[in-house]
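# Observations on the three-dimensional arrangement
Chain by chain, the residues run as shown.
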Amino acid sequence: MNVSGHMAGVTDTPLVKIGKEQAKKAGNKAKSLNIDLIVSSPLKRAHETAKIIAKEIDYPLDQIHTSKLLLERDFGDAEGHPYSPDLDLDGFSDVETVNSIIERAKLSLRWIESLPGNNVLIVSHGSFGRALRSVILKDHEFEGHGQLPNAEIIFWSN
């Protein structure tokens, strides 16, 4: 759905060829980061990305933690619609609110901080990633800061 420009949200779509290539490049980039924990959304496209990266960095596949907290934003009836930056999500009554995804990002951060690991690789999705970024980097708001590139490694430390 990403390739065709449609909103996927929580629709469980597989990772396509270009996504696999992007994941492999991200894995190569992650080799120097000394990752000791990988957490992932359970959606196929994210979990497969996590597995590809894990293989690249020699991380055990059975040690990838998944959590529904890391799911993409639920776009409700907007899922499957063509993506447009001008799409009025407020026009859909069942879209996950910005406040809800921000709260979920806060919960996910607390969960991740409770896990054993110092260098954590989080594999998730664009809207959720922006929400998490806004929680971690207090000067970033959820809206208005653009999309996160697919399979992009963004590094931050406490």
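So, here's what we can say about the structure. The model shown is predicted, which means the values in this text are computed figures rather than measured ones.

The rules behind the values
- Residues numbered from 1 in each chain as written.
- Predicted model: local features only at pLDDT ≥ 70, side-chain atom pairs only at ≥ 80, totals over all residues.
- Heavy atoms only, no water.
- Helix = DSSP H or I, 4+ residues; strand = E, 2+ residues; numbered from the N terminus.
- Buried < 20%, exposed > 50% of the residue type's maximum accessible area, 1.4 Å probe, protein only.
- Pairing = 2+ DSSP bridges.
- Right-handed = clockwise from strand over helix to strand, strands pointing away.
- Axes fitted to C-alpha atoms, helices over the stretch in contact; angles between N-to-C directions.
- Parallel < 35°, antiparallel > 145°, perpendicular 65-115°, else oblique.
- Left-handed = near helix turned anticlockwise from the far one by under 90°.
- Contact = heavy atoms within 4.5 Å.
- Nonpolar A, V, L, I, M, F, W, Y, C, P; charged D, E, K, R; others polar.
- Core = buried A, V, L, I, M, F, W, Y, C linked by side-chain atoms within 4.5 Å.

What follows is about unusual backbone geometry. In this structure, Asn34 takes a positive phi of about 55 degrees despite not being glycine. Secondary-structure assignment places Asn34 in the loop between α1 (17-30) and β1 (37-40). Given the relative accessible area of 58%, Asn34 is considered exposed. Within the chain, Asp58 stands out as a residue other than glycine whose phi angle is a positive 60 degrees.

The next thing to look at is the pairing of β1. Covered by surrounding structure in β1 are Leu37 and Val39 together with Ile38 and Ser40, the residues of both alternating faces. In this structure, β1 lies alongside strand β3 (residues 120-123), joined through 4 bridges in parallel fashion. Within the sheet, the bridge partner assigned to Leu37 lies in β3 and is Val120. Inspection of the sheet shows β1 paired to strand β2 (residues 65-66) by 2 bridges, in the parallel sense. Residue pairing for β2: Ser40 is matched across the bridge by Thr66. On the question of chirality, the crossover connecting β1 to the parallel β2 by way of helix α2 (residues 44-56) is right-handed.

This next bit is on the packing of α1 against α2. Across the interface, α1 lies against α2 with an axial gap of 8 Å and an inter-helix angle of 40 degrees. What the angle tells us is that α1 and α2 run oblique. The chirality of how α1 crosses α2 is right-handed. Touching Lys20, Ala23, Lys24, Ala26, Gly27, Asn28 and Ala30 of α1 are Glu48, Thr49, Ile52, Ile53 and Glu56, all from α2. The class makeup of the residues in the contact of α1 with α2 is 5 nonpolar, 3 polar and 4 charged.

What follows is about the sheet that holds β3. Sheet architecture is open: 3 strands sit in the order β2-β1-β3, paired in parallel fashion. Edge positions in the open sheet fall to β2 and β3, since each of these has one partner strand only.

All right, on to the nonpolar core then. Nonpolar side chains tend toward joint burial in soluble globular proteins. Of all hydrophobic cores here, the largest spans 28 residues; its most connected members are Ile38, Tyr59, Leu121 and Val123. Those elements that provide at least two residues to this core are α1, β1, α2, α3 (98-114), β3 and α4 (126-136). The residues contacting Ile38, other than those within four sequence positions of it, are Ala50, Ala54, Ile57, Tyr59, Gln63, Ile64, His65, Leu121 and Val123. Counting residues in each nonpolar core, the second largest holds 5 residues, with Met7, Phe75, Leu89 and Val95 among its members.

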